[in-house]
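Here is how the chains run, residue by residue.
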Amino acid sequence: MYANAYLFFEGRCEEALQFYQDALGARVEMLLRNRDNPQPPPPGTMPPGTEDKIMHAALRIGDTLVMASDGYCHGGASFQGFALSVSPDSPAEAERVFAALGAGGTVRMPLGPTFWSPAFGMVHDRFGVLWMVNVMPAG
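These numbers were taken from a predicted model, which means no experiment stands behind them.

Undergrad: Would you explain the sheet that holds strand β6 (residues 106–112) in this entry?
TA: Across a sheet, paired strands are connected by hydrogen bonds in the backbone, their directions being either parallel or antiparallel. In spatial order, the strands read β5-β8-β7-β6; together these four strands make up an open sheet with mixed pairing. Every other strand in the sheet has two partners, leaving β5 (84–86) and β6 as the edge strands with one partner each. Each strand axis lies, on average, 20 degrees off the axis of its neighbour in the sheet, ignoring direction. When strand β7 (residues 120–124) meets strand β8 (residues 130–134), the two strands line up antiparallel, connected through five bridges. Its bridge partner being in β8, Gly 121 is matched across the sheet by Val 133.

Dropping the structure here:
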């Protein structure tokens, strides 16, 4: 058994996937659009014009699979009560990742050394997802 994060971007999934590909070098391994669904959703669940929105995507970030969707496309994604954590190999790579994730977002804790890491920081990206960037100490 394993657990994967599943993020609902409420209409901005395609933009988010491209952002994570650019910022993290992520790879889209699977992508299904609403129009690909052989079983139509129940009446009234999806707004008109959402046929090209993403029903399901699988995004590979390093060794981790994160899943994503546009959900019901009701706008205003809400990501609260969790964070995604990435562990770059070096403080220099952490700086690059932190800056990329933070572009258009909000820094919650600037990247810097802590008692447990040579580089740790927290940033909400432009979609509202909280990321913790944490370099594991050597040794």
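Undergrad: Help me understand the sheet that holds strand β1 (residues 6–8), please; the structure alone is not making it clear to me.
TA: Strand order in this open sheet of four strands is β1-β4-β3-β2, and the pairing throughout is mixed. Strand pairing shows two members of the sheet lacking a second neighbour, β1 and β2 (27–33), which therefore form its edges. Put simply, the sheet's adjacent strands are angled 20 degrees from each other on average, direction ignored. Here strand β3 (residues 54–61) pairs with strand β4 (residues 64–69) via five bridges, running antiparallel. Of the residues in β4, the one forming a bridge with Ile 61 is Thr 64. Contacts from helix α1 (residues 13–24) reach β2, β3 and β4 within the one sheet, and its direction differs from that of β3 by about 10 degrees.

Undergrad: What exactly am I supposed to notice about the environment of Pro 48 here?
TA: Mapped onto the secondary structure, Pro 48 falls in the loop between β2 and β3. Residues Pro 48 and Cys 73, spaced 25 residues apart in sequence, show a C-alpha to C-alpha distance of 9.9 Å.

Undergrad: For this particular structure, what's the right way to read the pattern of salt bridges?
TA: Close approach of charged atoms allows side chains with opposite charge to pair. As enumerated under the stated definition, the model contains seven salt bridges in all. When the shortest N-O distance is used, the salt bridge between Arg 12 and Glu 15 registers 3.0 Å. For Arg 12, a relative accessible area of 34% puts it in the partly exposed group. Residue class for Glu 15 comes out partly exposed when judged on its relative accessible area of 38%. In this structure, Glu 14 engages Arg 33 in a salt bridge whose closest nitrogen and oxygen atoms are separated by 3.0 Å.

Conventions we followed
For every chain, the first residue of its written sequence is number 1, and the numbers climb from 1 along that sequence. Per-residue local features are limited, in this predicted model, to residues with pLDDT of at least 70; the limit for side-chain atom pairs, both in listing and counting, is 80 or more; totals at the level of whole chains, interfaces and linings are taken over all residues. To get the side-chain values, all heavy atoms of the structure are used, and hydrogens and water are removed first. Two strands pair if DSSP finds at least two bridges between them. Helix numbers and strand numbers start at the N terminus; a helix is a DSSP run of H or I with at least 4 residues, a strand a run of E with at least 2. Inter-axis angles, ranging from 0 to 180 degrees, are taken between N-to-C directions of lines fitted to C-alpha atoms, where helices are fitted over the stretch in contact. Here, two residues are considered to be in contact whenever any of their heavy atoms come within 4.5 Å of each other. What counts as a salt bridge is simple: a side-chain nitrogen of Lys or Arg found within 4 Å of a carboxyl oxygen of Asp or Glu. Exposure categories follow from relative accessible area, calculated using a 1.4 Å probe and restricted to protein chains: below 20% of the type maximum is buried, above 50% is exposed, and the middle band is partly exposed.

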